[in-house]
Amino acid sequence: MTYLPSDKRYDNMQYRRCGRNGIKLSALSLGLWHNFGHVDITENYRKILHTAFDNGITHFDLANNYGPPPGSAEENFGRLLKMDFAGYRDELIVSSKAGYVMWDGPYGDWGSKKYLVASLDQSLKRTGLDYFDIFYHHRPDPETPLEETMSALDLIVRQGKVLYVGISNYPAEKAAQAIAILRELGTPCLIHQPKYSMFERWVEGGLLNVLGKEGVGCIPFSPLAQGMLTNKYLNGIPKDSRAASQNSPFLKEDMLTDHKLNQIKQLNDIAQKRGQSLAQMALAWLLKDDRITSVLIGASKPEQLLDSLKCLENIEFSLDELTAIENILK
Ligand SMILES: NC(=O)c1ccc[n+]([C@@H]2O[C@H](COP(=O)([O-])OP(=O)(O)OC[C@H]3O[C@@H](n4cnc5c(N)ncnc54)[C@H](OP(=O)(O)O)[C@@H]3O)[C@@H](O)[C@H]2O)c1
């Protein structure tokens, strides 16, 4: 089957400026952490990619270790890029990262220049891309000097292998230092990728202020708390869910405590009153802040994506709704 993208793909999406930088990202971006590995079904993830692009999602997020096995999400994305998106490279923002363990020995993890440059070269080979639009340092390294990690990011831009650079999982103070070093090197930090959702709010303790002040974009990952902030766990744990999956150790059944389920039910009631699904409300709740460039979602089925995309129909909250949500979350 030949894929022809919808010619209405830009009609309903919002594009938000990434901090004070030149590029805009689609308000929703698609991450390939789960569901795109060699263990997954090609026809399903191919449809997810088509659904995303047909609905205006221009940004696709990878990392060296996404799979399983690690590296396979990049390989599969690269294969589909060639097959379906070959004529659309200039409409796409593709990112990858390095920072977690990828190969044995002292050069396959953390934040040295050796690791970052070698890993980027591997990621380019796996995807078949000439360059990534964004390349991130995936997590701070407590041992490597920040100057070395940031100079590796500067280097790969100068080498033409990457257009923009970002950081992920950096706490506020370290992010401010990294942003300052990058600016001095002449390669400004485009974006920060932190974990942020109604259930995970550490960024509100300082990071968002740093990013707002410095004009750096923010793209929250796991904005649906890996599926907890949707209606999927309201009546138990479905067999085909991430919480039940053997492939993901990241969301375990015991994280769905009675307290969490009670919160999910109450949030779902508010979402229904707003005429939204819980997933739509959870995404809208992040997008109400204009320091948020895009929300980086995952999906195991195209239908989930179609549901989540409708969050854009209402990203306004009344004071009463915000107070009611705060009362549930506290
Ligand atoms: N920088 C980092 O350290 C880091 C870490 C983690 C993730 N990320 C990035 O963030 C991306 C997203 O992370 P995530 O997958 O955890 O995001 P998420 O959007 O919080 O969770 C996605 C999961 O929620 C469920 N879901 C999504 N939409 C739904 C809907 N409308 N209705 C019902 N269920 C729905 C699906 O779970 P089921 O599979 O159960 O159906 C889906 O796989 C990753 O792919 C990756 O690119 C980055």
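It should be noted that the structure appears before, not after, this text.
As the structure is a prediction and not an experimental result, all values here were calculated from the model.

Asks: Talk me through the overall build of the chain; I want residue IDs and the actual numbers.
Replies: Helices and strands together make up the secondary structure of the chain, namely ten helices and ten strands. In terms of overall size, the chain behaves like a compact globule, its C-alpha atoms giving a radius of gyration of 19 Å where 330 residues would be expected to give roughly 20 Å. C-alpha extents for the chain along the principal axes are approximately 50 × 50 × 40 Å. Relative to its full complement of 330 residues, the chain shows a buried share of 57%. For the chain, the accessible area works out to roughly 14600 Å², and carbon and sulfur atoms hold 51% of it. Here the chain carries 37 positive and 40 negative side-chain charges, and the mean point of each set is 1 Å from the other.

Asks: Describe the nonpolar core, naming the residues involved and giving the relevant values.
Replies: It is characteristic of soluble globular proteins that their nonpolar side chains tend to be buried jointly. Leu 28, Leu 30 and Leu 267 are the most contacted members of the largest nonpolar core, which has 95 residues in total. In this structure Leu 267 touches Met 198, Phe 199, Leu 229, Leu 278, Met 281, Ile 325, Ile 328 and Leu 329, once residues within four positions along its chain are discounted. Core analysis: the second largest hydrophobic core is formed by eleven residues, Leu 25, Tyr 136, Ile 219 and Leu 296 among them.

Asks: Can you explain the sheet that holds strand 8 (residues 189-193)? Please cite residues and give values.
Replies: Spatially, 9-8-7-6-5-4-3-10 is the arrangement adopted by the eight strands of the open sheet, whose pairing is parallel. Each having just a single partner strand, strand 9 (217-218) and strand 10 (295-297) make up the two edges of the open sheet. Two elements, strand 4 (residues 59-61) and strand 5 (residues 93-98), share three bridges in a ladder whose sense is parallel. The partner of His 59 across the bridge, within strand 5, is Ile 93.

Asks: Please give an account of the pairing of strand 8 that cites residues and values.
Replies: Counting buried positions over the five residues of strand 8 gives five, a clear majority of the element. In the sheet, strand 7 (residues 162-168) pairs with strand 8 via four bridges, with the strands oriented parallel. Bridging from a neighbouring strand, Ser 168 pairs with Gln 193 of strand 8. Relative to strand 9, strand 8 runs parallel, the two sharing two bridges. Each bridged residue has a counterpart across the sheet, and for His 192 the counterpart in strand 9 is Cys 218. Between strand 8 and its parallel partner strand 9, the chain crosses via helix 6 (residues 207-214), and the hand of that crossover is right-handed.

Asks: Could you give me a rundown of unusual backbone geometry, with the residues and numbers involved?
Replies: With omega at -5°, the peptide bond leading from Gly 67 into Pro 68 counts as cis. Within the secondary structure layout, Pro 68 lies in the loop between strand 4 and helix 2 (72-84). The omega angle of the peptide bond from Pro 68 to Pro 69 is -10°, so this bond is cis rather than trans. Tracing the sequence through the fold places Pro 69 in the loop between strand 4 and helix 2. Phi angles above zero are rare outside glycine, and Asn 35 is one such case at about 75°.

Asks: Report on the site of the ligand, specifying residues and quantitative values.
Replies: For the ligand, the set of nearby residues contains 32 residues, the closest of which are Asp 61, Ser 222, Lys 232, Arg 242 and Ser 300. Arg 242 places a polar side-chain atom, nitrogen or oxygen, 2.7 Å from an oxygen atom of the ligand. At 3.1 Å from a nitrogen atom of the ligand is found a side-chain nitrogen or oxygen belonging to Ser 308. Bound to the protein, the ligand loses 95% of the 920 Å² it would expose on its own. Of all elements in the fold, only strand 10 and helix 9 (302-309) reach the threshold of two or more residues within the shell around the ligand. Of the residues belonging to the shell around the ligand, the class tally is twelve nonpolar, 15 polar and five charged.

Asks: Could you give an account of helix 1 (residues 42-54), with specific residues and numbers?
Replies: Between its terminal C-alpha atoms helix 1 stretches 18 Å, which fits the 18 Å expected from 13 residues at 1.5 Å a residue. Taken together, the buried positions of helix 1 are occupied by Tyr 45, Arg 46, Ile 48, Leu 49, His 50, Thr 51, Ala 52 and Phe 53. Tucked inside the fold, the buried residues of helix 1 contact strand 3 (28-31), strand 4, helix 2 and helix 9. Immediately beyond the C-terminal end of helix 1, within one or two residues, lies Gly 56, with a positive phi of roughly 95°.

Asks: Give a detailed account of the side chain of Arg 126, specifying residues and quantitative values.
Replies: Its location among the elements puts Arg 126 in helix 3 (residues 113-127). Side chain to side chain, Arg 126 and Glu 74 meet in a polar contact 2.8 Å long. The residues contacting Arg 126, other than those within four sequence positions of it, are Asn 64, Gly 71, Glu 74, Glu 75 and Met 102.

Parameters and conventions
Residues numbered from 1 in each chain as written. Predicted model: local features only at pLDDT ≥ 70, side-chain atom pairs only at ≥ 80, totals over all residues. Heavy atoms only, no water. Helix = DSSP H or I, 4+ residues; strand = E, 2+ residues; numbered from the N terminus. Rg over C-alpha atoms; globule rule 2.2 N^0.38 Å. Buried < 20%, exposed > 50% of the residue type's maximum accessible area, 1.4 Å probe, protein only. Areas by Shrake-Rupley, 256 points an atom, 1.4 Å probe, with all protein chains shown as cover. Lys, Arg positive; Asp, Glu negative; His and termini not counted. Charge placed at Lys NZ, Arg CZ, Asp CG, Glu CD. Core = buried A, V, L, I, M, F, W, Y, C linked by side-chain atoms within 4.5 Å. Contact = heavy atoms within 4.5 Å. Pairing = 2+ DSSP bridges. Right-handed = clockwise from strand over helix to strand, strands pointing away. Near = heavy atom within 4 Å. Polar contact = N/O pair within 3.5 Å; in protein donor to acceptor, adjacent residues only side chain to side chain. Nonpolar A, V, L, I, M, F, W, Y, C, P; charged D, E, K, R; others polar. Expected span 1.5 Å × (residues − 1).

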